[in-house]
Amino acid sequence: MIRASLLIAAKDVRQRIRDRSAIMLGLVAPLGLAFIFSLIIPDFGGGDFVVRVAVVDEDGGLVSQAFTDQVLGPFADEGLLEISDAGSRDETLGLVADGGLDATYVIPAGFSSDVLAGLPAEIRVTGNVDAQIATEVAAAIAAEFTGTLTGAQLAAQASGADVGLLALQAAQAARPVVLSEAEAASKVLDATTFFSAGMAIFFLFFTVQFGVASLLEERIEGTMPRLLAAPIPPISIVGGKAIASLAVGVIAMAVLTVASAVFIGADWGHPIGVAVLIAASVLAALGIMAVIATLAKTPEQSSNWQTIVAVVLGMLGGTFFPVSQGPEALADISLLTPHAWFMRGLGELHAGGGPTSVAVPVAAILAFAAVTVGIAGLRVNRMVRL
Amino acid sequence: MKILTIGLNNVRRLLRERSNVFFVFVFPMLLILVIGASFGGSFEPRIGLIPAAGALGDALTDDLIDIDDVDVVLYVSRDELVDGIQRGRLNAGVVVPHDYDTTLLGGGRASVEFVTGPDQLGQQLRSTVQAAVARQSTVVLAARLLADGGFADQAESLELAQEAAATVAGVTVAVESAGEATFGDIGRFDLGAPQQLVLFVFLTSLAGSAALIQTRRWGVSRRMLATPTSAREVLLGEVLGRFGVAMVQGVFIMLGSLVVFGVDWGDPWAAAALLVAFSIVGAAGGMLLGSVLDNDEQGGSFGVFAGLGLAAIGGAMVPIEVFPETMQTVARFTPHAWAIEGFSDLIRHDGGFSDVIPELGILLLFGIGLLAVASVLFRRKLTT
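This one's a predicted model, so the numbers in the text were calculated from it and none came from an experiment.

Definitions and cut-offs
- Residues numbered from 1 in each chain as written.
- Chains lettered and ligands numbered in written order.
- Predicted model: local features only at pLDDT ≥ 70, side-chain atom pairs only at ≥ 80, totals over all residues.
- Heavy atoms only, no water.
- Helix = DSSP H or I, 4+ residues; strand = E, 2+ residues; numbered from the N terminus.
- Rg over C-alpha atoms; globule rule 2.2 N^0.38 Å.
- Buried < 20%, exposed > 50% of the residue type's maximum accessible area, 1.4 Å probe, protein only.
- Patch = residues over 30% accessible without salt bridge, like charges linked within 9 Å, V, L, I, M, F, W, Y side chains within 5 Å.
- Areas by Shrake-Rupley, 256 points an atom, 1.4 Å probe, with all protein chains shown as cover.
- Salt bridge = Lys/Arg side-chain N within 4 Å of Asp/Glu carboxyl O.
- Lys, Arg positive; Asp, Glu negative; His and termini not counted.
- Charge placed at Lys NZ, Arg CZ, Asp CG, Glu CD.
- Contact = heavy atoms within 4.5 Å.
- Buried area = accessible area lost by both parts, 1.4 Å probe.
- Polar contact = N/O pair within 3.5 Å; in protein donor to acceptor, adjacent residues only side chain to side chain.
- Nonpolar A, V, L, I, M, F, W, Y, C, P; charged D, E, K, R; others polar.
- Pairing = 2+ DSSP bridges.
- Axes fitted to C-alpha atoms, helices over the stretch in contact; angles between N-to-C directions.
- Domains from an automatic or database assignment.
- pLDDT = per-residue confidence, 0-100.
- Core = buried A, V, L, I, M, F, W, Y, C linked by side-chain atoms within 4.5 Å.
- Phe/Tyr/Trp six-rings, centres within 6.5 Å; stacked < 30°, edge-to-face > 60°.
- Lys NZ or Arg CZ within 6 Å of the ring centre and 35° of its normal.
- Left-handed = near helix turned anticlockwise from the far one by under 90°.
- Arc of directions from axis to C-beta.

1. Some remarks on the overall build of chain B
Phase 1 of the analysis: A tally of helices and strands in chain B yields 16 helices and 5 strands.
Phase 2 of the analysis: The C-alpha radius of gyration of chain B comes to 30 Å, more than 25% above the 21 Å expected for a compact globule of 384 residues.
Phase 3 of the analysis: Principal axes of the C-alpha set define a box for chain B whose edges measure 110 × 45 × 35 Å.
Phase 4 of the analysis: Taking all 384 residues of chain B together, the buried fraction comes to 53%.

This is the structure we're talking about:
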């Protein structure tokens, strides 16, 4: 019985490998698209972040000097700021508008004297409209400084003491509240890995769709009666189809994983975790595609419905774009697809998790597999007939 | 007349297949909806906040909630907050130590924890949070200056500083922006709709090459040639058929997105002209693929791959403006990039017909070039 299944499976696998459009959809398309995506998506993750600024000091007073030298200077030494020589206010603002600078500080005339007299004063930060992050950083640096000055002004107001003296003390005093930073290991995949994994799981559904559906073809092409006439139980025929689908699915996923890691630098995480996720996903994909095949009457109908389901699940499951970062409702809907759980599992591995970290995603994917394989199993016998 | 009949039959053949109806009409609209809902409109970064009790803690919470354009979500458990950041649901988190008030009142240094993932948005949010924290710090700093200078005792100093804060405007930072925004002020679906339009019109055209191959393989073309119909008429009829399919889909997506999602396509004549020009390119692409390949299944699967791949390179999935520079240049070799540029001239920059003439010209060049090659190949296949 098992021998017969294996024979049928081997024949189907050979047939698939010889079919060039299967290789196209199973391997070339996912790898090619992942490669294209990795080329067009800029990676925001790494790289040094430098804010290009200039200081238009129309004041030229003590306080504005202190800002340029003692506040901005250390940031420039650190490499966070790149300070260019500023021309006139209009020239510099023009440069910011064109994107030649990220942002500029304008310290208006009379700034220092106003600050020291306890009057309202203002440092203006003008940033390029597309360089929001850089502008925020530039503004935050200035805000730290003006906060100290305001503290001195407040104290002066309450005590009648000299603002300048208090400001000097304030500059030396430790800041009462500081921001400490903790980085959470990201479970969001980098662009290359995201698209490699997304395309792989998306096209997996097309790769395994032929299995049970090919029972319909066997009937149309007249090979089904011959199989039934052979001294093998019908279950061996179904088993053979399932084994062929599983084998092709696993092979395709394995090739895609290795190829995307080697050629475009996808980072899949712990190999055992990845293997378990893939095995569960292949089962779920097989089950879902098989249920649809058992509902169809002709091979064309089956393939059309399968395509629609695979595409919709793929889209909702966040294989083309990260749905999990969208609105809450959409993120919740996406968990109704095995795709989303596959991507989530990879996220756990991406954050450095071991094989156990994917337990929940794997269980969820296996639940899809159990339900759909069960339904397909109950219905499939109707397809194995003359 | 004969040309028209061949063309119409091609359109009819496509529409009769129910799964085609899904991919031609339903799926594009679904994608515009999902992408618009996910990424369109004004994006508000989300910060998770674990607040601290006490007067100073409340003041900090208020300051953080008041930050413009940031959505602050309150959390109790640090684990949940970190989980939200790790999964990308939150862009950053702020954990205020529970002894915030007592630390500050006792003269100590309070450390507010800022939790972030490794993306650049985290850096931006860090700056805004830092600014809010600095405002808080200011009053406490003033109080300490008063206490240290012997002007008031510990208990009084904070009160005095807070009173002063109510009257003194202080030294501030004013932020403004300059230059023209790349994406400007556009509707939630305005960026995605033209992208989906060119993606699907071209994808359907390429996948339609399968129908062209079937026409040849099933002998329909030979039978047509046996009637008093010239090869030229067959060719033009097939081109018209692909063009018709592209136009039907294009007009549907345009009107559908206009009615359902309120996408403003700008000058209607210019938009229609762009659609016609792009549909010609699509039709020509489908003809070329259908003439090169001999197996309709290959035509279908290669069409889908090429359709998605070219769309990605041409900026129909990710806006071209965020591409690395070399890829921006490469994108210029796809018709998609020119069509999208034309549509964004109309949608984002309120352009008129004259503004899209360059794009129209280039699209027509694409179309004529592809058609010329395709017709030579197609005639050869038809007659041999």
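2. Digging into a negative patch on the surface
Phase 1 of the analysis: There is a patch of like negative charges on the surface, built from Glu-44, Asp-58, Asp-62, Asp-66, Asp-68, Asp-69 and Asp-71 of chain B.
Phase 2 of the analysis: By the element assignment, Asp-58 of chain B lies in helix H3 (residues 55-65).

3. Brief notes about the interface of chain A and chain B
Phase 1 of the analysis: Listed as interface residues are 96 residues of chain A and, on the opposing side, 91 residues of chain B.
Phase 2 of the analysis: For the pair chain A and chain B, the summed buried area comes to about 8,400 Å², and 66% of that belongs to carbon and sulfur atoms.
Phase 3 of the analysis: The interface formed by chain A and chain B contains 2 salt bridges.
Phase 4 of the analysis: Here Arg-89 of chain B makes a salt bridge to Asp-332 of chain A, at a shortest N to O gap of 3.6 Å.
Phase 5 of the analysis: Run the count over chain A and chain B and you get 19 residue pairs in polar contact (both at pLDDT 80 or more).
Phase 6 of the analysis: Among the residues forming the side of chain A that touches chain B, the class breakdown is 57 nonpolar, 24 polar and 15 charged.
Phase 7 of the analysis: Here strand E4 (residues 121-128) of chain A pairs with strand E5 (residues 171-178) of chain B via 8 bridges, running parallel. By the bridge assignment, Val-125 of chain A is partnered in E5 of chain B with Val-175 of chain B.

4. As for the sheet that holds strand E3 (residues 92-95) of chain B
Phase 1 of the analysis: Strand order in the open sheet formed by 5 strands is E5(A)-E4(B)-E3(B)-E1(B)-E2(B), and the pairing between neighbours is mixed. Looking at which strands have only one partner, the edges of the open sheet turn out to be strand E5 (177-183) of chain A together with strand E2 (71-74) of chain B. This sheet shows a mean twist of 25 degrees between the axes of neighbouring strands, independent of strand direction.
Phase 2 of the analysis: Taken together, the 4 bridges between E3 of chain B and strand E4 (residues 110-116) of chain B define a ladder with antiparallel strand orientation. Note on E4 of chain B: the bridge partner recorded for Val-95 of chain B is Glu-113 of chain B.
Phase 3 of the analysis: Sheet contacts for helix H4 (residues 78-86) of chain B: E5 of chain A together with strand E1 (46-50), E3 and E4 of chain B; angle to E4 of chain B, the most-contacted strand, approximately 40 degrees.

5. Looking at the domain arrangement of chain A
The figure often quoted for interface size is the accessible area lost as the parts come together.
Phase 1 of the analysis: What the domain assignment lists for chain A is domain 1 (2-42 + 190-384) and domain 2 (44-172).
Phase 2 of the analysis: For domain 1 of chain A versus domain 2 of chain A, the distance between C-alpha centres works out to 56 Å.

6. Some details on the sheet that holds E5 of chain B
Phase 1 of the analysis: Judged by pairing direction, the sheet is mixed, and its 5 strands sit side by side in the order E2(A)-E1(A)-E3(A)-E4(A)-E5(B) without closing on themselves. The strands lining the two open edges of the sheet, one partner per strand, are strand E2 (81-84) of chain A together with E5 of chain B. Along the sheet, successive strands turn relative to each other by an average axial angle of 25 degrees, direction set aside.
Phase 2 of the analysis: The pairing of strand E1 (residues 51-57) of chain A with E2 of chain A spans 4 bridges and is classified as parallel. Note on E2 of chain A: the bridge partner recorded for Ala-54 of chain A is Ser-84 of chain A.
Phase 3 of the analysis: Sheet contacts for helix H4 (residues 89-98) of chain A: E1, strand E3 (103-107) and E4 of chain A together with E5 of chain B; angle to E4 of chain A, the most-contacted strand, approximately 40 degrees.
Phase 4 of the analysis: The strands touched by helix H6 (residues 132-159) of chain A are E1, E2, E3 and E4 of chain A together with E5 of chain B; relative to E5 of chain B, the strand with the most contacts, the crossing angle is about 165 degrees.

7. Observations concerning the pattern of salt bridges
All names here are of chain A.
Phase 1 of the analysis: Tallied over the entire structure, the rule returns 14 salt bridges over all chains.
Phase 2 of the analysis: In this structure, the salt-bridge partner of Asp-12 is Lys-11, at a minimum N-O distance of 2.9 Å.
Phase 3 of the analysis: The exposure class assigned to Asp-12 is buried, which follows from its relative accessible area of 3%.
Phase 4 of the analysis: By sharing partners, the salt bridges in this structure join Lys-11, Asp-12, Glu-218 and Lys-241 into a single network.

8. As for the confidence of the model for chain B
Phase 1 of the analysis: Summarising the model, chain B shows a mean pLDDT of 86, and 95% of its residues fall at 70 or more.
Phase 2 of the analysis: At the low end of the mean pLDDT range in chain B sits helix H10 (residues 220-226) of chain B, at 79; at the high end sits helix H12 (residues 268-292) of chain B, at 93.

9. Observations regarding the side chain of Thr-319 of chain A
Residue and element names in this part refer to chain A.
Phase 1 of the analysis: With respect to the helices, strands and loops of the structure, Thr-319 is situated in the loop between helix H13 (299-316) and helix H14 (328-334).
Phase 2 of the analysis: Side-chain polar atoms of Thr-319 contact the backbone oxygen of Gly-314, separated by 2.9 Å.
Phase 3 of the analysis: When neighbours within four sequence positions are excluded, Thr-319 is seen to be in contact with Phe-194, Phe-195, Gly-198, Met-199, Ile-201, Phe-202, Gly-314 and His-339.

10. As for the nonpolar core
Phase 1 of the analysis: Within the largest apolar cluster, 112 residues are counted, with the highest numbers of intra-cluster contacts made by Phe-342 and Leu-346 of chain A together with Trp-265 of chain B.
Phase 2 of the analysis: If you tally residues by element for this core, the top one is helix H8 (residues 191-207) of chain A, at 12 residues.
Phase 3 of the analysis: Aside from chain neighbours lying at most four places away, what touches Leu-346 of chain A is Leu-189, Ala-197, Trp-268, Val-274 and Leu-277 of chain A.

11. Observations concerning the pairing of E4 of chain A
Residue and element names in this part refer to chain A.
Phase 1 of the analysis: Counted residue by residue, E4 has 6 buried out of 8 residues, so it is predominantly covered.
Phase 2 of the analysis: Here E3 pairs with E4 via 4 bridges, running antiparallel. Paired with Val-106 across the two strands is Arg-124, which belongs to E4.

12. Describing the packing of aromatic side chains
Phase 1 of the analysis: With the rule as written, the count across this model stands at 17 aromatic pairs over all chains.
Phase 2 of the analysis: Judged by centre distance (5.0 Å) and plane angle (85 degrees), the ring pair of Phe-194 of chain A and Phe-195 of chain A falls under edge-to-face.
Phase 3 of the analysis: Through successive ring pairs, a cluster of aromatic residues spans Phe-202, Phe-203, Phe-206 and Phe-320 of chain A.
Phase 4 of the analysis: Its end group placed over the ring of Trp-338 of chain B, Arg-332 of chain B keeps NZ or CZ at 4.8 Å from the ring centre.

13. With respect to the packing of helix H8 (residues 192-207) of chain B against helix H15 (residues 335-347) of chain B
Residue and element names in this part refer to chain B.
Phase 1 of the analysis: The interhelical angle for the contact between H8 and H15, taken along N-to-C directions, is 150 degrees, at an axis separation of 9 Å. For the pair H8 and H15, the crossing hand works out as right-handed. From H8, Pro-194, Gln-195, Leu-197, Val-198 and Phe-202 reach across to H15, where they touch Pro-335, His-336, Ala-339, Ile-340, Phe-343 and Ile-347.
Phase 2 of the analysis: The class makeup of the residues in the contact of H8 with H15 is 9 nonpolar, 2 polar and no charged.

14. With respect to the packing of helix H12 (residues 271-295) of chain A against H13 of chain A
Residues and elements named next belong to chain A.
Phase 1 of the analysis: The interhelical angle for the contact between H12 and H13, taken along N-to-C directions, is 145 degrees, at an axis separation of 9 Å. Relative to H13, the crossing made by H12 is right-handed. Judged by residue contacts, Ile-288, Met-289, Ile-292, Ala-293 and Leu-295 of H12 engage Ser-302, Trp-305, Gln-306, Val-309, Ala-310 and Leu-313 from H13.
Phase 2 of the analysis: Class assignment of the residues belonging to the contact of H12 with H13 gives a composition of 9 nonpolar, 2 polar and no charged.

15. A word on the environment of Ile-65 of chain B
Residue and element names in this part refer to chain B.
Phase 1 of the analysis: Residue position: Ile-65 is located in helix H3.
Phase 2 of the analysis: Overall, Ile-65 belongs to the partly exposed group, its relative accessible area being 43%.
Phase 3 of the analysis: Counting along the chain gives 264 residues from Ile-65 to Thr-329, while the straight-line C-alpha distance between them is 43 Å.

16. Remarks on the environment of Pro-234 of chain A
Phase 1 of the analysis: Looking at where Pro-234 of chain A falls in the secondary structure, it is placed in helix H11 (residues 234-263).
Phase 2 of the analysis: The spacing of Pro-234 of chain A and Arg-385 of chain A is 151 residues in sequence and 8.6 Å in space, taken between C-alpha atoms.

17. Here's the deal with a nonpolar patch on the surface
Phase 1 of the analysis: Taken together, the side chains of Val-251, Leu-255, Leu-258, Val-259 and Val-260 of chain B present a nonpolar region at the surface, about 460 Å² in accessible area.
Phase 2 of the analysis: Counting through the fold element by element, Val-259 of chain B comes out in helix H11 (residues 231-261).

18. A word on helix H7 (residues 163-172) of chain A
Residue and element names in this part refer to chain A.
Phase 1 of the analysis: For H7, the set of buried residues is Val-163, Gly-164, Leu-166, Ala-167 and Ala-170. Each buried residue of H7 lies within a common arc of 160 degrees when the element is viewed along its axis, so the set occupies one face. Away from its buried face, by an angle of more than 90 degrees, H7 presents the exposed residues Leu-165, Leu-168 and Gln-172.

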